[in-house]
Amino acid sequence: MRFVWTLTGMLLLTVGTAALIGAAALGLLTGHAGPDGAFTARFETVQTPGHAVVVTDLDALVRQEVPFARGGQARLRLDARTPDGPAFVGLAPAEEAQRWLAGAPHAAVLRMSLARGPLPVRLEQVTPVAGTPPTVPAAPAAQTFWVRAGYGVLEWDPGDLAGQRLSLVLMRPDGGAGVTLDLRAELRAGWIAPATWGSLTGGTLLVILAALVLLRPVRPREVVIVVEPDQVPVLAGRLGISSLTGLGAPVPPGPRRLPERQLVPVAATVPATTSRPAIGPVPRPATLAELPTPATPHRPLRPPAPPT
């Protein structure tokens, strides 16, 4: 049973510590947010000699690069401008966008990495397939396949696009070649603050509970010996007692009286029946006559015989 309690306490401590580490990470992430609680980022300048910059699958790119943006109560905003003014930004089904841009050179976004400073963007220049007649995708706003479109600004909820293969297309408003984009992104994640406080509270409670489980007092074990009635004298002899009747009985209250220790003299001149306390004052003899006479008198020493 002790092993089960120890294992439970270690498991609670591990989960609680992980929750506290997660709360600390979310707290550091919250420190990078703006005064209004939004996370903003600026991208490196994106340029292509073609007619458009395309994110082939927007949901897949967000899932790969910023997965925390796909949580609940999150919203993304993209600001796109060209040197001449706001750029055209539109969301369309990937097949429709690919068919529309099949005869026009454009750039496809492969990666977008999170880093300090401007975020780097990796592009791949796409040229029309051999045999495809070149086309100029003029008047992009006049197309009817856009799910969402606008000039300069586009907002969407990543959760609404989950599982849909939509392409993000950025172009000049007239659809001309030679696109230079200045991009800024903004993320508002309403779940970060509740998750931070929840992780902090839950982790603290789990650590306290783990400490209570691991430091709980150990109850002493009671040993019960069951013997046959005829073995009671043998057990009493092994324990060094005369009887098992008073074994374990409580000691009566009050001062305990120590037994009086006595010494029994073994000299022949002292009777065997008399005794005196072992500790006590001993009278000092006043004269030599009061000294006790030994039972056997000393024999006088004889002078050695002269040599013959």
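A brief report on the enclosed structure follows. (Residues numbered from 1 in each chain as written. Predicted model: local features only at pLDDT ≥ 70, side-chain atom pairs only at ≥ 80, totals over all residues. Heavy atoms only, no water.)

Considering the nonpolar core
- Judged by nonpolar contacts, the single largest core of 32 residues is most densely connected at Leu58, Leu168, Leu170 and Leu181.
- It is strand E12 (residues 179-189) that contributes the most residues to this core, six residues altogether.
- Filtering out sequence-adjacent residues up to four positions away, leucine 170 remains in contact with Ala52, Val53, Leu78, Ala80, Phe88, Val89, Leu181 and Leu183.
- Ala92, Ala97, Phe145 and Val169 belong to the second-largest nonpolar core, a separate cluster that totals eleven residues. (Core = buried A, V, L, I, M, F, W, Y, C linked by side-chain atoms within 4.5 Å. Buried < 20%, exposed > 50% of the residue type's maximum accessible area, 1.4 Å probe, protein only. Helix = DSSP H or I, 4+ residues; strand = E, 2+ residues; numbered from the N terminus. Contact = heavy atoms within 4.5 Å.)

Quick notes on the pattern of salt bridges
- A full pass over the atoms with the stated rule returns seven salt bridges.
- Between aspartate 57 and arginine 165 there is a salt bridge, and its shortest N-O distance comes to 4.0 Å. On the criterion of sequence distance, the pair formed by aspartate 57 in the loop between strand E3 (52-55) and helix H2 (58-65) and arginine 165 in the loop between strand E10 (153-156) and strand E11 (166-171) is long-range, its members being 108 residues apart.
- Looking at aspartate 57, the relative accessible area reads 22%, which means it is partly exposed.
- Here arginine 75 and glutamate 155 are joined by a salt bridge, their closest N and O atoms 3.3 Å apart. Within this pair, whereas arginine 75 is found in strand E4 (residues 74-82), its partner glutamate 155 is found in strand E10, the two being separated by 80 residues in sequence.
- Owing to a relative accessible area of 38%, arginine 75 belongs among the partly exposed residues under this scheme. (Salt bridge = Lys/Arg side-chain N within 4 Å of Asp/Glu carboxyl O.)

Some remarks on the side chain of threonine 82
- Within the fold, threonine 82 resides in strand E4.
- Residue class for threonine 82 comes out buried when judged on its relative accessible area of 13%.
- Among residues more than four places away in sequence, those in contact with threonine 82 are Ala87, Arg172, Thr180 and Leu181.

As for the packing of aromatic side chains
- Enumeration over the complete set of coordinates arrives at five aromatic pairs.
- Ring geometry for phenylalanine 88 against tryptophan 146: centres 5.1 Å apart, planes inclined by 65°, an arrangement best described as edge-to-face. Taken as a pair, phenylalanine 88 in strand E6 (residues 88-93) and tryptophan 146 in the loop between strand E8 (121-126) and strand E9 (148-151) lie far apart in primary sequence, 58 residues in all. The burial state of phenylalanine 88 is the same as that of tryptophan 146; both residues are buried.
- For the ring pair tryptophan 100 and phenylalanine 145, a centre distance of 5.8 Å and an interplane angle of 65° mean the geometry is edge-to-face. Here tryptophan 100 is found in helix H3 (residues 94-100), whereas its partner phenylalanine 145 is found in the loop between E8 and E9, with 45 residues between them in sequence. (Phe/Tyr/Trp six-rings, centres within 6.5 Å; stacked < 30°, edge-to-face > 60°.)

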